[in-house]
Amino acid sequence: MDKTADGWVSGFLGVLIFSGSLPATRVAVMDFDPVFLTVARAAIAGLLGLSLLLIFRQPRPTGAHLISLAIVAFGVVLGFPLLTALALKHVTSAHLIVFVGLLPLATAIFGVLRAGERPRPAFWLFSSLGSAAVVGFALLQGFAANPVGDLLMLAAIIVCGLGYAEGASLSRKLGGWQVISWALVLSLPFMLALAFLTMPVSFSSVDPAAWTGLAYVSVFSMLIGFVFWYRGLALGGVAGVGQLQLLQPFFGLALAATLLGEQVSWSMLAATGAIVLCVAGAKKFARQDPKGGAGRPR
């Protein structure tokens, strides 16, 4: 298998793993406090990441990498897990999965900002249409009834897009799995302390399903998924492999319906489809013409 094909396979596996994050979080927050769930999953993943770094004797990142690692940690270790966990206290995972359709767009926007590229005007057209589709969906579903959940999820998409873009850029220097592992280790002392402070007095009332959800988001969503995802971005290219995120809402809705029994309405499917089309158009025009000097990321 050549490097590019290997990157696409790795990216697809990463997206497939991430698709289970919201349903698993939904199950876990039924018995766990959202803050404890966020710090516990990060602490567990951080200990696993530290073990990997020690086993494979990875060199420490330089001081120049620390700011980027801090941004990755803020976006994908703390920001996205905490905001989605809080949002899921207000709405179903199927409802929020529609918003995930904006994640590739958020990643592209932050990629443009971090790389200093000048996207074509059509990029901003598709970007606006995609945002309008999400706002329209929220209004049709009764935004006034659940504004907190929707706003929290929009904030989660923004910080996650930042973390994805920063991590993809840094993975070219440190390697894919090393980026998420070092980001987890960087936040580990803080997360461990908060995990002990927010720990429930007793775990006797916690359902086995909630433990399963915690295990999934800790091991797969927080670590293994990123190993495949950042590896895919590094091998296959950010612009190309990043489009695989367009499949995530469809996988997520299927899991929410089959595993949680949540209702997936036609409006959810229609909104997801519209967002995917808009994001696909935006991604196409996110980079400059080859004549303009913006080439494919190496």
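Every value quoted in this text rests on a predicted model; they were computed, and no experiment measured them.

**Examining the environment of Val35**
Phase 1: Tracing the backbone through its elements, the reader meets Val35 in helix H3 (residues 34-55).
Phase 2: We classify Val35 as partly exposed; its relative accessible area is 34%.
Phase 3: Remark: the alpha-carbon pair of Val35 and Thr198, spanning 163 residues in sequence, is separated by 7.3 Å.
Phase 4: Leave out the neighbours within four places in its chain, and Val35 touches Leu82 and Thr198.

**Some thoughts on the side chain of Thr38**
Phase 1: One can find Thr38 in helix H3.
Phase 2: Given a relative accessible area of 1%, Thr38 falls into the buried group.
Phase 3: Polar contacts involving the side chain of Thr38 include one to the main-chain amide nitrogen of Leu82, which spans 3.5 Å.

**Some details on a nonpolar patch on the surface**
Phase 1: Residues Val9, Phe12, Leu13, Leu16 and Leu247 make up a contiguous nonpolar surface patch of roughly 350 Å² in combined accessible area.
Phase 2: Mapped onto the secondary structure, Leu247 falls in the loop between helix H11 (238-241) and helix H12 (248-259).
Phase 3: Its relative accessible area of 34% is what places Leu247 among the partly exposed residues.

**Comments concerning the environment of Leu103**
Phase 1: Tracing the backbone shows Leu103 in helix H6 (residues 103-115).
Phase 2: Exposure remark for Leu103: the relative accessible area of 2% places this residue in the buried category.
Phase 3: A C-alpha to C-alpha distance of 7.5 Å links Leu103 and Gln245, two positions 142 residues apart in sequence.
Phase 4: The contacts of Leu103, once residues within four sequence positions are left out, are Ile157, Cys160, Gly161, Tyr164 and Gln245.

Rules used in this analysis
Residue numbers run consecutively from 1 along every chain, following the written order of its sequence. Totals for whole chains, interfaces and linings use all residues, but because this is a predicted model, local features are given only for residues with pLDDT of at least 70 and pairs of side-chain atoms are given and counted only at 80 or more. Hydrogens are left out, water is left out, and the side-chain values use all remaining heavy atoms of the structure. The helix and strand labels rest on DSSP assignments: H or I over at least four residues marks a helix, E over at least two residues marks a strand, and numbering proceeds from the N terminus. Exposure classes here rest on a 1.4 Å probe applied to the protein chains alone. A residue is buried below 20% of its type maximum, exposed above 50%, and partly exposed in between. Here a residue-residue contact requires only that any non-hydrogen atoms of the pair lie within 4.5 Å. The term polar contact refers here to a pair of N or O atoms within 3.5 Å; inside protein, the definition further demands a hydrogen-donor-capable atom paired with an acceptor-capable atom, and it admits residues adjacent in sequence only when both atoms are side-chain atoms. Patch construction takes residues with relative accessible area above 30% that form no salt bridge. Like charges are linked within 9 Å, and nonpolar side chains (Val, Leu, Ile, Met, Phe, Trp, Tyr) are linked within 5 Å. Under the convention used here, a 1.4 Å probe and the Shrake-Rupley method define accessible areas, while residue burial counts only the protein chains that appear. By definition, a salt bridge exists where a carboxyl oxygen of Asp or Glu is found within 4 Å of a side-chain nitrogen of Lys or Arg.

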